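Secondary and tertiary structure notes
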Amino acid sequence: MPDTLDHDLARLDPQLRTQLRDFGVDEARLEAWAADLLHAGPDANRVTGAVTAPEPGDIGELPEPGSEEHRRLERAGLAALARGELAMVVLAGGMATRMGGVVKALVDALPGVTFLDARLAEREHWQSVSGANLPMWLMTSHATDRPIREALGGRLDGDALATFRQGVSLRLTPAGGLFLEDDGTPSVHATGHGDLPDALRASGLLHRFVQRGGRYIWIMNLDNLGAAVDQAAFLGANAISNSYGGPEGLGETTYDGYYNHPGIAWLRGSGAVAIFNLMEDAATAEIARSQVWQWLRHDRFDRDRVPYFNTNTFIADASALDALDADWSWFRVEKTVDGRPAVQFERLVGELTSWLDSRFVLVPREGAASRFLPAKSWDELERSRSQIAARLEPFLAPHRDAS
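Residues numbered from 1 in each chain as written. Predicted model: local features only at pLDDT ≥ 70, side-chain atom pairs only at ≥ 80, totals over all residues. Heavy atoms only, no water.

Some details on the overall build of the chain
Looking only at helices and strands, the chain features twelve helices and 18 strands. With 403 residues in all, the chain has 54% of them scored as buried. Here the contacts in the chain between residues at least 6 apart in sequence split such that 72% fall between residues at least 24 apart. Per element, the accessible surface of the chain, about 16,900 Å² overall, is 49% carbon and sulfur. (Helix = DSSP H or I, 4+ residues; strand = E, 2+ residues; numbered from the N terminus. Buried < 20%, exposed > 50% of the residue type's maximum accessible area, 1.4 Å probe, protein only. Contact = heavy atoms within 4.5 Å. Areas by Shrake-Rupley, 256 points an atom, 1.4 Å probe, with all protein chains shown as cover.)

Structural data, given as C-alpha cells:
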C-alpha cells in the first residue's frame, strides 16, 4: 500500500530521512516493492515452469585424494595461486540476528581467535605457501562495516585487503506501512548476499584485479570456516581448461560444478537448499540450466527428492563476474523483529547460477574433511568448534610457534 508508506516516510524527521538516503536507502524502490511484492505473499517468490530433480551426471566429485589426477589438480591450483590469479571474497555483512545481532567477524571462533582472525590467518598462510599476493575483500553491511574496519585498522590498504558494503533498505509492516523499532525509528536491514556482484563491481576492486591478470574469485561465508582455500585441487580444476571430463570439465565448464567458465559454481552437502533443472517450456521439457534456488522459490517440490544442500561457496570467473549486468530478483522475506511480524526484501547470491553457466560438486559435510562448518547460532558454533580447530590448525600453528 504505497499511500501508507508515503505517509509514513513523510512523517519521518527530515534530517533522519536525509541520513537514510545518504546511507543507501532507495525510497522509490521501497515503494515499488510495497506495490508489487508485499501483498502477493509467498507466491511473489515462486518460480514458473516445471521443476525437476538433478539427473545422474549433473553432480560431480573431485578425484580421490592421493590419486595422480588429484595431485595434478593440486599442482595446477598452487600454480594459479603463485601467479596471483585468485582473490578471496568473504561475505561478512548481514545482521547475525540468530546470535543476538553481534558482529560475527569479531566473535571468537576459537578461544582468542575471531572469525576475522581465522580468515586473515588463512590468507597469510596461502600467501606464504604461494609466494604471491592473495587479495581478500570483505563484503560488509551497515551493521558490520565500521567495527570490521576498526578491527583491521592500518592493515586495510583498499586493494589487497579491503571492504566494500552491501545495500540497505527499510522493513515494512505486513500491511504496507513503515516498520518502526521500539524507539520509533525505521528498522534498517541489509538487502542480502545477492548484493555481491553489483557491490563488488561498484567498488572497483574486481575490475582492477582483472586488469592485472586476476582470473578467479573464491566466494565464501565468513562463518563457514570449512570453506577454506585449503583444497588447491578445487582451484586447479578451474585452471586446467578442457582437461577434466564429463559435465564438470572446464571449457564451457571448469571443475565439477564447483565453477564453470565463464561462470560460477557451488559446494553442497545435504539439507534444505537444492539445485533443480528449470524447464523453459513445460510442454517441450527443454532444460534451461541447473540452478541454485532456495526453498522459498519452490517449496511445493518434494524436498526428499533432492538431498543436496548449497553451502554458499562459489568459485567465479573474475572476468565474467566483472562483466555481469543482470536484472536481479528481489525476494519477499518474512521476519519477526522485536516479537512483531515484518517484511523485508533481499537478493540471493545463488541467483548467479541463473545468469552464468554453472557446474556443481559434492563435498564432505561430516568428518575431518568437512567443507561445511556452519556457525549461524551459538549452539551451532559450539557443536562445530572441534572441527573448526582442526581445520584452522595449519593456519594458526605458525603464530603459536612464533610466540
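Don't stop here, the text continues.
Details of the sheet that holds strand E3 (residues 86-91)
What holds strands together in a sheet is hydrogen bonding between their backbones, with the strands either parallel or antiparallel. Strand order in the open sheet made by the five strands is E7-E6-E3-E10-E15, with mixed pairing throughout. The open sheet has two edge strands with one neighbour each: strand E7 (161-165) and strand E15 (314-317). Strand-to-strand, the axes of this sheet are offset by a mean angle of 25 degrees, without reference to chain direction. (Pairing = 2+ DSSP bridges. Axes fitted to C-alpha atoms, helices over the stretch in contact; angles between N-to-C directions.)

Here we look at helix H2 (residues 14-23)
The N-cap residue of H2 is Asp-13: its side-chain oxygen and the backbone nitrogen of Gln-15 are 3.0 Å apart. Just past H2, the residue Gly-24 takes up positive phi, approximately 120 degrees. (Polar contact = N/O pair within 3.5 Å; in protein donor to acceptor, adjacent residues only side chain to side chain.)

Structural notes on the pattern of salt bridges
All chains considered together, the criterion is met by 18 salt bridges. Salt-bridge contacts for Glu-68 lead to Arg-71; the nearest nitrogen and oxygen are separated by 3.2 Å. Of this pair, Glu-68 and Arg-71 both sit in helix H4 (residues 68-82), three residues apart, which is roughly one turn of the helix. Taking relative accessible area as the criterion, Glu-68 reaches 45% and is therefore assigned partly exposed. Ionic contacts of the salt-bridge type, sharing partners, join the residues Asp-195, Asp-198, Arg-201 and Arg-347 into one network. (Salt bridge = Lys/Arg side-chain N within 4 Å of Asp/Glu carboxyl O.)

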